[in-house]
Amino acid sequence: MPDKRENIKSRYTGDRAIPGAFEGETVTRRRFMVGTTHLAGAGAALAFTLPALAFALGPVFERQKATWEDVGPESAFNPQTYVPVNFTNTPGIGDVGRTTAYVRRFNPAVDGSTQHKGEEIQPYVAISTRCAHLGCPVRYVSAAERFICPCHGGVYDKLGKVNGGPPVRPLDRFYTRVRAGRVEIGPRFSVNSQLNRFSPRDPGEPLDGAGQYAYPARFTTAKP
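The rules behind each value
- Residues numbered from 1 in each chain as written.
- Predicted model: local features only at pLDDT ≥ 70, side-chain atom pairs only at ≥ 80, totals over all residues.
- Heavy atoms only, no water.
- Helix = DSSP H or I, 4+ residues; strand = E, 2+ residues; numbered from the N terminus.
- Buried < 20%, exposed > 50% of the residue type's maximum accessible area, 1.4 Å probe, protein only.
- Phe/Tyr/Trp six-rings, centres within 6.5 Å; stacked < 30°, edge-to-face > 60°.
- Pairing = 2+ DSSP bridges.
- Disulfide = S-S within 2.5 Å.
- Polar contact = N/O pair within 3.5 Å; in protein donor to acceptor, adjacent residues only side chain to side chain.
- Salt bridge = Lys/Arg side-chain N within 4 Å of Asp/Glu carboxyl O.
- Contact = heavy atoms within 4.5 Å.

*Asks:* An account of unusual backbone geometry is requested, with residue identities and associated values reported.
*Replies:* Non-glycine residue E145 carries a positive phi angle of around 55 degrees. Its location among the elements puts E145 in the loop between β5 (139-141) and β6 (146-148). Look at E145 and you get partly exposed, because its relative accessible area is 37%. One non-glycine residue with positive phi stands out, namely L195, at about 65 degrees. Mapped onto the secondary structure, L195 falls in the loop between β10 (182-191) and β11 (197-198). With a relative accessible area of 5%, L195 lands in the buried category.

*Asks:* Got a sec to walk through the packing of aromatic side chains? Specific residues and values, please.
*Replies:* Applying the stated criterion to the full structure yields nine aromatic pairs. Both rings, one in Y82 and one in F147, keep their centres 5.3 Å apart while their planes meet at 65 degrees; by these two values the pair is edge-to-face. Of this pair, Y82 sits in the loop between β1 (69-73) and β2 (83-88) while F147 sits in strand β6, placing them 65 residues apart in sequence. Take Y82 and F147: they sit in the same class, and that class is buried. Seen in terms of ring centroids, Y102 and Y140 are 6.2 Å apart; in terms of plane orientation they differ by 55 degrees. Their pairing is tilted. In this pair, Y102 sits in strand β3 (residues 98-105) while Y140 sits in strand β5, placing the two residues 38 residues apart along the sequence.

*Asks:* Tell me what's going on with the sheet that holds β6, and back it up with residues and numbers.
*Replies:* Two orientations exist for strands paired in a sheet by backbone hydrogen bonds: parallel and antiparallel. The strand order β5-β6-β7-β8 describes an open sheet built from four strands, whose pairing is antiparallel. Every other strand in the sheet has two partners, leaving β5 and β8 (162-164) as the edge strands with one partner each. Pairing analysis gives two bridges linking β6 to strand β7 (residues 155-156), with the strands arranged antiparallel. In the strand pairing of β7, F147 is matched with Y156.

*Asks:* Describe in detail the state of the cysteines, supporting the description with residues and values.
*Replies:* Two cysteines joined by a covalent bond between their sulfur atoms form a disulfide. One pass over the full model with this rule turns up one disulfide. Between the sulfur atoms of C136 and its disulfide mate C151 the distance is 2.4 Å. Note on the C136 and C151 pair: the S-S dihedral is about -105 degrees, so by sign convention the disulfide is left-handed. Placement of C136 in the loop between β4 (124-128) and β5 and of C151 in the loop between β6 and β7 is noted, with a sequence separation of 15 residues between them. Given a relative accessible area of 16%, C136 falls into the buried group. Classification of C151 by relative accessible area gives partly exposed; the value is 39%. C149 provides the cysteine sulfur closest to C131, a residue in no disulfide bond, and the two sulfurs are 3.8 Å apart.

*Asks:* I'd love a proper account of the environment of Y156, names of residues and values included.
*Replies:* Here Y156 is to be found in strand β7. A C-alpha to C-alpha distance of 9.7 Å links Y156 and R169, two positions 13 residues apart in sequence. Here A132 takes part through its backbone nitrogen, which lies 3.1 Å from a polar atom of the side chain of Y156.

*Asks:* Hey, could you go over the pattern of salt bridges for me, with residue numbers and the actual values?
*Replies:* Under the criterion given, the structure shown has seven salt bridges. A salt bridge links D172 to R188, with the shortest nitrogen-to-oxygen separation between them at 2.5 Å. Note that D172 is positioned in the loop between β8 and β9 (173-179) and R188 in strand β10, a separation of 16 residues in sequence. What emerges from the salt-bridge pattern is a single network uniting R169, D172 and R188.

*Asks:* Describe in detail the side chain of S128, supporting the description with residues and values.
*Replies:* Turning to its location among the elements, S128 is positioned in strand β4. Overall, S128 belongs to the buried group, its relative accessible area being 3%. A distance of 3.1 Å separates a polar side-chain atom of S128 from the backbone nitrogen of R130. S128 has contacts with T100, V138, L171, D172, R173 and F174, leaving out every residue within four places of it along the chain.

Laid out in structure tokens, this is it:
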């Protein structure tokens, strides 16, 4: 009776794509050296790549802390006109992190219609000077009661709503609070044409309609 085992071949012979292998041999010397070289190269590449990626992507996953800064006593502001104040919006980077805001006391006759259900009333209105078109600094003209952008003709009314020009949304605002008779300014937030609050967006990003979904907020944004 013929032995069936005579037709069985080893899995590790040359017909298994390991040329030069002996019967029962799993890895040739050449294959071992090639694999070792590839592993060493991959390790060296990771040693250079991972620190660079961590340095570049680390800040993206680090949520910024909300900061508040004293900008003056309550007596320095009134409900009729804006007062420009300079404060640190992004700490830790020197003068580059400073910005300007126009601040006035909350006026129910003017601002009452801008409050929405569920929103906390801000004791002071603090409007950013960064144009919502490309970020140029705007200035408030009290005689016209308008914010004017000198770069591309953007015009905003007294509440920061767009009156004309290319801006895609109203001027951003800052949270405000009062501590021991002193006015403090906190994180920035953006608003749509109805002045509903949203997480801060970059210039050129609309918030009306599908814009709020097409331009989502950065998840590193500080929460007040």
